[in-house]
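Architecture and fold: a report
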Amino acid sequence: MSGWSGLLSRRGPCPLALLLLLLFGPSSVLAISFHLPLNSHKCLREEIHKDLLVTGAYEITDQSGGAGGLRTHLKITDSAGHILYSKEDASKGKFAFTTEDYDMFEVCFESKGTGRIPDQLVILDMKHGVEAKNYEEIAKVEKLKPLEVELRRLEDLSESIVNDFAYMKRREEEMRDTNESTNTRVLYFSIFSMFCLIGLATWQVFYLRRFFKAKKLIE
């Protein structure tokens, strides 16, 4: 942190860091709105890296006026089916959790009711990583100046970008190893198939020779 502070305090914010903030900052925010029909089930999925804070806020507009016993359930799960957040009869609220591993997370809304009821409007705003952190609270707790808060944000953003590149590098290495392993297996299988064909052809030659000799067609 001190290295970043010293550099930026002398020269101002780094243009590259600001560019990275503009390019990668919005990518960790999911803001969406959609209509949820009666007795329907809609889910949103997103892949999120390991050890990241995920926060979200939701609001469900009920246009039925309380008719038909309309209720909307919200549930957030991972790929293994573990429930990270669940809310019965959800209308408006917030949630937060920290990911334990790189995984696919699913946010599901389910509407239940009877009668002819207008579609509900669902507004969901999810943030993770740098965008999920409340830097105003951090500034109050640690008594940071505005410039120091921005430096902390840039430092966290740069660390997030480095982690993303490291993950992509690991994935590339895994894919390369898988590709090399597949090529090696194909090569061994091809060699094995070739020897099998040679052995089969040799056996056929000797078999036919014995057959023709038995029939006295050849000497």
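Residues numbered from 1 in each chain as written. Predicted model: local features only at pLDDT ≥ 70, side-chain atom pairs only at ≥ 80, totals over all residues. Heavy atoms only, no water.

Focus on the UniProt feature "transmembrane region" (unreviewed entry) in the protein chain
Residues annotated in UniProt with the feature "transmembrane region" (unreviewed entry) correspond here to residues 186-208. Helix makes up 100% of residues 186-208 and strand 0%, whereas the separation of the span's terminal C-alpha atoms amounts to 32 Å. (UniProt positions renumbered as here; feature names shortened; annotations may be inferred. Helix = DSSP H or I, 4+ residues; strand = E, 2+ residues; numbered from the N terminus.)

Focus on the nonpolar core
Tyr58, Leu74, Phe95, Val107, Phe109 and Leu124 are the most contacted members of the largest nonpolar core, which has 19 residues in total. Val130, Tyr135, Ala139 and Leu157 belong to the second largest nonpolar core, which has six residues in total. (Core = buried A, V, L, I, M, F, W, Y, C linked by side-chain atoms within 4.5 Å. Buried < 20%, exposed > 50% of the residue type's maximum accessible area, 1.4 Å probe, protein only.)

Section: the layout of surface pockets
In this structure, the second largest pocket encloses a volume near 240 Å³. Lining of the second largest pocket is provided by 13 residues; of these, Thr55, Gly56, Ala57, Lys94 and Lys127 occupy positions nearest its centre. For the lining of the second largest pocket, the secondary-structure elements that each account for two or more residues are β3 (53-61), β6 (92-98) and β8 (120-128). For the lining of the second largest pocket, the class distribution of residues is five nonpolar, three polar and five charged. (1 Å grid on protein atoms, 1.4 Å probe; cavity = no way out; pocket = protein on both sides within 12 Å on 5 of 7 lines; lining within 4 Å. Points joined across faces, edges and corners; volume = space filled by probe spheres on them. Nonpolar A, V, L, I, M, F, W, Y, C, P; charged D, E, K, R; others polar.)

Things to note about the sheet that holds strand β4 (residues 71-77)
Pairing is antiparallel in the open sheet, where four strands are placed in the order β2-β7-β4-β5. Of all strands in the sheet, those with a lone pairing partner are β2 (41-48) and β5 (83-87), marking the two edges. Direction aside, the axes of adjacent strands within the sheet are offset by 10° on average. Relative to strand β7 (residues 103-112), β4 is paired through seven bridges, and the arrangement is antiparallel. Within the sheet, the bridge partner assigned to Thr72 lies in β7 and is Ser111. (Pairing = 2+ DSSP bridges. Axes fitted to C-alpha atoms, helices over the stretch in contact; angles between N-to-C directions.)

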